[in-house]
Amino acid sequence: MSFFIHPPAWQLREHQVTTESAYFTRRRMLKTLLGLGVSASILPLTGCKSAQTGPGSELEQTFQLPALGPIRKNPEFREGDRPLTTQNLASQYNNFYEFGGTKSIWKSAQALPTDPWTLEVGGRVKNPRTYDLDDLRNTFDLEERIYRFRCVEAWSMVLPWVGFPMRKIIEAVEPTAEAKFVRFTSFYDETITPGPGFHFGSLPWPYEEGLRIEEMANDLAFFAVGIYGKELPKQHGAPIRAVLPWKYGFKGAKSIVKIEFLAEQPATYWNSLMPNEYGFEANVNPEKPHPRWSQATERFIGPGATLDWEMKETLLYNGYAEQVGGLYQL
Ligand SMILES: Nc1nc2c(c(=O)[nH]1)N[C@H]1C(S)=C(S)[C@@H](COP(=O)(O)O)O[C@H]1N2
Ligand SMILES: [Mo]
C-alpha cells in the first residue's frame, strides 16, 4: 500500500517520496490548493470533508442502512480510554483498493453488488458450508464489540462492530487435523472494481488475507456484518469482513466471498507485493517500525465532526496483549 498510501507526511523527506510521486504529488497539490481556499469540489481526493457530509448528504445515505437488531452490547469489549470515532468520519476515510487508491472511496464502493451474496467455506474441513446474506445475519448471535482499529499507515479509530466471533465458523465447518491456516478472499470482478487506477497494472487481485488457525480461534477474531448498529456500509466491506483488532488493518479482508482452511500458509496481498514492508503476522507493535516510518505513535481519528486527529501512543498488540499475547513470542 505504501507506493501510494501516505506515511505521515511530516515523517517523509523529499527523497523518500520520489517513487510514490503520482499519488503524493496529487495529494500535495490538493493540500496546497486547499490552503489557498480553493472550492470544495476537489475535496474528495483529500479525505477532507465539507458539503458532502451534512444530514441527508450522499455520504450519509451510504450508511442509512437497516438496523441489525436487537444487538447485545458485549460488556467485555468496550473501550475505556478513547471515544468512539464518529460514523461520518469512519465512513469516508477508508482503504478499499479495489475501488480506488485514495481514502475517499466511499462513493465508488457503492458499485459493489452485495445482494445476493454467497460466502463459501471449505478446504480442509469436515462440513463445507455456503452462507447467503440471510444466513450471515441470522445463523449466529450477533453482538456489538467496540474495538480499537490501527492501520499500518499510523492512523487509528475506535469502532463499534456488529458481528460474531470467527470461532463460530470453525465450529460450524470443523477443520480437519491438517488445517493449520485460513485464507479469506475478497470480492473481485474486473468489470466492477477499477483498482487504484495508476501505477500497478498487475496487482495480485483478488485481495487475500490469512491467519494461523490458532489466531482465528482467539476470542478477539471477529467477522463483522454491521457497524454502528446497522448493516455494514459497502465502503467498510459489506456484507461481511474480517476484524482483527490486534493486527494492522490490512489483515481485515473486506467483502469476503471465500474462506478456506489450508495446510500451508497462504500468500497474502500486501505481503506478496512488498514482503519486507508488510508481514504475514502483522501484529501492531510500536517497537517495530515500518521500514519507512515509525509505528510508535498514531493519528487517532476520534469524535470530531470533521476530519482531524490527535496523536496517541501505539500500544503493543494495539492494547490487546492480555487476550493475544500468549499466541506469540516477541
Ligand atoms: N478487500 C480489501 N480489504 C481491505 C483493504 C482493501 O484494500 N481491500 N484494505 C485494508 C486496509 S489497509 C485497512 S486499514 C482496512 C480499512 O477498513 P475500513 O475502511 O473499514 O476502516 O481494510 C483492509 N481490508
Ligand atoms: Mo491499512
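Residues numbered from 1 in each chain as written. Chains lettered and ligands numbered in written order. Predicted model: local features only at pLDDT ≥ 70, side-chain atom pairs only at ≥ 80, totals over all residues. Heavy atoms only, no water.

*Asks:* I would appreciate a short explanation of the pattern of salt bridges in the present structure.
*Replies:* Two side chains that carry opposite charge are able to pair once their charged atoms sit near each other. Applying the stated criterion across every chain, the model contains 19 salt bridges. We note a salt bridge from Glu298 to Arg82, for which the minimum N-O separation is 2.7 Å. Placement of the pair is Glu298 in strand β12 (residues 297–300) and Arg82 in the loop between β1 (72–73) and α3 (87–90), with a sequence separation of 216 residues. Just as Glu298 is buried, Arg82 falls in that class too. Taken together, the shared-partner salt bridges in this structure form one network comprising Glu143, Arg145, Arg167 and Asp219. (Salt bridge = Lys/Arg side-chain N within 4 Å of Asp/Glu carboxyl O. Helix = DSSP H or I, 4+ residues; strand = E, 2+ residues; numbered from the N terminus. Buried < 20%, exposed > 50% of the residue type's maximum accessible area, 1.4 Å probe, protein only.)

*Asks:* I would appreciate a short explanation of the site of ligand 1 in the present structure.
*Replies:* Around ligand 1 sit 17 residues in total, of which Tyr97, Glu98, His236, Gly252 and Lys254 are the nearest. Here Ser186 contributes a side-chain N or O atom positioned 2.9 Å from a nitrogen atom of ligand 1. A distance of 3.0 Å is found between an oxygen atom of ligand 1 and a side-chain nitrogen or oxygen belonging to Arg241. Out of a free accessible area of 540 Å², ligand 1 has 100% covered by protein chains. Grouping the constituent residues of the shell around ligand 1 by class yields eight nonpolar, six polar and three charged. (Near = heavy atom within 4 Å. Polar contact = N/O pair within 3.5 Å; in protein donor to acceptor, adjacent residues only side chain to side chain. Areas by Shrake-Rupley, 256 points an atom, 1.4 Å probe, with all protein chains shown as cover. Nonpolar A, V, L, I, M, F, W, Y, C, P; charged D, E, K, R; others polar.)

*Asks:* Would you mind going over the sheet that holds strand β2 (residues 118–123) with me for this structure?
*Replies:* Across a sheet, strands are paired by hydrogen bonds formed along the backbone, either parallel or antiparallel in direction. The five strands are arranged β3-β2-β11-β6-β7 in an open sheet whose pairing can be described as mixed. The open sheet has two edge strands with one neighbour each: β3 (129–132) and β7 (208–212). Each adjacent strand pair in this sheet contributes to an overall mean axis angle of 15 degrees, direction not counted. As judged from the five bridges shared by strand β6 (residues 181–186) and β7, these two strands associate in the antiparallel manner. Each residue of the ladder has a partner; that of Arg183, found in β7, is Gly210. (Pairing = 2+ DSSP bridges. Axes fitted to C-alpha atoms, helices over the stretch in contact; angles between N-to-C directions.)

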